[in-house]
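Survey of secondary and tertiary structure
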There are 2 protein chains.
Amino acid sequence: MPRVSVREKLLAAGLETLRTQGFNGCGVQDITDAAGVPKGSFYNHFDSKEALGAAVVDQYMRASSADLALLRDTSLTPLRRLRAYFAAQVESLVAGRFECGCLLANFAAELADHSPLIRERVAASFTEWSLRLEEVLLEAQEAGEVAKDVSPGMLATFMLGAWEGAVLRSRVEKGRAPLDAFLRLAFDRSLEQGIPACTV
Amino acid sequence: MPRVSVREKLLAAGLETLRTQGFNGCGVQDITDAAGVPKGSFYNHFDSKEALGAAVVDQYMRASSADLALLRDTSLTPLRRLRAYFAAQVESLVAGRFECGCLLANFAAELADHSPLIRERVAASFTEWSLRLEEVLLEAQEAGEVAKDVSPGMLATFMLGAWEGAVLRSRVEKGRAPLDAFLRLAFDRSLEQGIPACTV
């Protein structure tokens, strides 16, 4: 087994702790305890909890990149590929009992007005995620699966917002209805009726 | 001037402080300082910061009820009325420089897994809000402005999610593009083209 560096331990424990407890709901000590490293070692690697938080956003995006691979599965049409991607996320949220939600949304809600450093990392991550969706939406427009009178970038922004809002609502409801409404309105209705989607 | 009770001062200061600082970003002392009352008086009115947080959710909904009155302005068609309601919210967020966002979303992100008391108040508030939208969406279906093959309840759930996600994204972008994408995809496209909306 390769040796896991203290920095990597702190990133992994930071992702888990910040995601489950919230940024202001935990301290550096909680993170070093979870990482199993002395508290003093934290500051050898990060200047502050905020600096770790910013690095954790990047770590979260790296961890999510395996899911994004579904968007390149060309055995499905573009719109069905997008649906498969989000449907997999829904099942993952159901399996996790709607806990934790999306780190980007959580940090956006908690820190957008308090940490320019983290806000910028979250904004960049949303932009990157939106661009991945936009690529597939452009393909879907070319394939006639999505209406062509709206730019794929605006469609992607709307879709990502609808997704994040549905995730947030499912967390307070502790139920999948908002996620199912998203899948139905964004994809199933147009796929079933064979009409170009304008829900996305 | 009627005398403002300590409880009312705490509710008003609590709404402002919890909304701007986040639940875990402030303490009882911050709230009593903002209210201009002694810290000791807090516990005469609320058992805990959590109990105040739950009461603040109701206070927030009461404060939002004036905005909801726009949904009863029958000088506009139902879909245009919904658009006017959300467009007014957009202008308010722009004027406020995209700060604070929506208290329900903020509490959902920060507390859904940590406070059953607040989670339930937030869930009930989302349900109430969604019902107000659903009533207008049903009218819009009857008026032929919204496609009829999806239940108005599901449409309202989707619309509210898309709105909350757009608000969250605008906070990290510090820009209105996600809110404009919401207005365009949820309303303008179908209003301009005279086609029943299925974006909502």
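Below or above, wherever it landed, is the structure these notes cover. Each chain carries its own residue numbering, running from 1 in the direction its sequence is written. Naming scheme: in the order in which they are written, chains are lettered from A and ligands are numbered from 1. In keeping with the model being predicted, local features are shown solely for residues with a pLDDT of at least 70 and side-chain atom pairs are shown and tallied solely at 80 or more, while totals for entire chains, interfaces and linings include all residues. Remark: hydrogens and water are excluded; side-chain values derive from all non-hydrogen atoms of the structure.

Here we come to the packing of aromatic side chains. Two rings belonging to Phe, Tyr or Trp (six-membered ring only in the last case) form a pair when the distance between their centres is within 6.5 Å. Interplanar angles under 30 degrees mark stacking, angles over 60 mark edge-to-face geometry, and anything in between is tilted. For the structure on display, the rule yields 23 aromatic pairs over all chains. An angle of 70° between the planes, with centres 5.0 Å apart, marks the rings of phenylalanine 42 of chain A and tyrosine 43 of chain A as edge-to-face. Type-normalised accessible area, obtained with a 1.4 Å probe on protein chains alone, sets the label of each residue: buried when under 20%, exposed when over 50%, and partly exposed for intermediate values. Judged by relative accessible area, phenylalanine 42 of chain A falls into the buried class, the value being 0%. Where phenylalanine 158 of chain A meets phenylalanine 158 of chain B, the ring centres are 6.2 Å apart and the plane angle is 65°; that geometry is what we call edge-to-face.

To continue, consider the packing of helix H5 (residues 78–95) of chain A against helix H8 (residues 152–173) of chain A. All names here are of chain A. As a packed pair, H5 and H8 sit with axes 12 Å apart at the nearest point and diverge in direction by 15°. Our classification of the angle between H5 and H8 gives roughly parallel. Every pair of crossing elements has a handedness; the one defined by H5 and H8 is right-handed. Contacts between H5 and H8 involve Leu82, Phe86, Gln89, Val90 and Leu93 on the former and, on the latter, Met159, Trp163 and Val167. In this count, Pro and Cys sit with the nonpolar residues alongside Ala, Val, Leu, Ile, Met, Phe, Trp and Tyr, while Asp, Glu, Lys and Arg are called charged and the others, Gly among them, polar. Of the residues belonging to the contact of H5 with H8, the class tally is seven nonpolar, one polar and no charged. Fitted lines through C-alpha atoms give the axes, limited to the stretch in contact for helices. The angle between two N-to-C directions lies from 0 to 180 degrees. Put simply, DSSP marks the helices as runs of H or I at least four residues long and the strands as runs of E at least two long, and each gets a number from the N terminus on. Geometric relationships in this document are graded by angle, where less than 35 degrees denotes roughly parallel, more than 145 denotes roughly antiparallel, 65 to 115 denotes roughly perpendicular, and other angles denote oblique. For any helix crossing, the convention is left-handed if the near helix is rotated counterclockwise from the far helix by under a right angle, and right-handed if that rotation is clockwise. The contact definition used throughout considers only heavy atoms, calling two residues in contact when any of these lie within 4.5 Å.

Each partner contributes to the interface: chain A provides 51 residues, whereas chain B provides 51 residues. The term buried area means the drop in 1.4 Å probe accessible area that two parts suffer when joined, counted for both and summed. Regarding the contact of chain A and chain B, the summed buried area is about 4200 Å², with carbon and sulfur atoms giving 63% of it. Taken as a group, Phe158, Arg169 and Val172 of chain A account for 17% of the area that chain A buries against chain B, more than any other trio of residues on that side. Each salt bridge in this description consists of a side-chain nitrogen of Lys or Arg and a carboxyl oxygen of Asp or Glu lying within 4 Å of one another. Our enumeration of links across chain A and chain B arrives at six salt bridges.

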